[in-house]
Amino acid sequence: MKKIIISIFVLVVLIGVGVYVFENKLTNDWESYNNYSYGFSFKVPAGNVVYECDNRYLFSDETRPKLATEKSSYVFILENQNDIDLIKTCNQTELDKYSYFSIGARVAIKNEFADFVGNRKKGFEDEKYARVKEITFSGQTALLTTKVDTNGLANNNSYKEILVDGGKYFYYINLREKSSLLEKVISTIKFQENKAGI
């Protein structure tokens, strides 16, 4: 009996190591996007490009997406890279027609994260359209909002949103539609040490 338990334990460990190696191998050939101004980075799938839309223009038709820099406050990756040719403006309604992952950052306001947590929990307490859960994300306190399947009823919420209390910066991560590729990108996000007041 003891040999069976040990054999099962060894098998579980080997499977775990194999999955870990396989998962990491998937992103080994991906380039890193580093945002030094706002203290975050993530890996970019081969063949994909990181774009930016200035936060000031997310609800206007004044500008088109452009290549992101290390100082961009709002960046995104499209699941289908060819969709960039179809996007004519940085208007949020326009962007929401496509499958993408985005991360926005800004200097945090005192108690902002706590206020967001309270408002989100109150707004989605019935869990009719989304579920809200406090989590730790890449070592930071965060709030995860996940879209609920509404069995055909209209639900315009994003598939997943993560609000992150990064100390000095407040981060908003959005995954518009379910996508295993873009979920993998999100799993590679890292935050630099940026405590409030630094």
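Let me sum up the structure you'll find in this document. All figures in this text were calculated on a predicted structure; none of them were measured in a lab.

The rules we used
Residues numbered from 1 in each chain as written. Predicted model: local features only at pLDDT ≥ 70, side-chain atom pairs only at ≥ 80, totals over all residues. Heavy atoms only, no water. Salt bridge = Lys/Arg side-chain N within 4 Å of Asp/Glu carboxyl O. Buried < 20%, exposed > 50% of the residue type's maximum accessible area, 1.4 Å probe, protein only. Helix = DSSP H or I, 4+ residues; strand = E, 2+ residues; numbered from the N terminus. Pairing = 2+ DSSP bridges. Contact = heavy atoms within 4.5 Å. Axes fitted to C-alpha atoms, helices over the stretch in contact; angles between N-to-C directions.

## Notes on the pattern of salt bridges
When the charged atoms of two side chains with opposite charge come close together, those side chains can pair. One pass over the full model with this rule turns up seven salt bridges. Residue Lys-97 pairs with Glu-94 through a salt bridge whose shortest N-O separation is 3.5 Å. Take Glu-94: its relative accessible area is 15%, and that puts it in the buried class. Its salt-bridge partner being Glu-134, residue Lys-121 comes within 2.5 Å of it at the nearest N-O pair. You can see Lys-121 sitting in helix α3 (residues 112-123) and its partner Glu-134 sitting in strand β7 (residues 130-137), a full 13 residues away along the chain. Residue class for Glu-134 comes out partly exposed when judged on its relative accessible area of 44%.

## Quick look at the sheet that holds strand β10 (residues 169-175)
Taken in spatial order, the eight strands make up an open sheet running β4-β3-β5-β6-β10-β9-β8-β7, and their pairing is antiparallel. Where the open sheet ends on each side, the last strands, each with one partner, are β4 (66-67) and β7. Note: strand β3 (residues 51-52) against strand β5 (residues 74-78), two bridges, orientation antiparallel. Of the residues in β5, the one forming a bridge with Tyr-51 is Phe-76. Packed on one face of the sheet, α3 meets β6 (100-107), β7, β8 (140-147), β9 (160-166) and β10 and runs near 25° to β8.

All we've got here are geometric facts, nothing functional implied.
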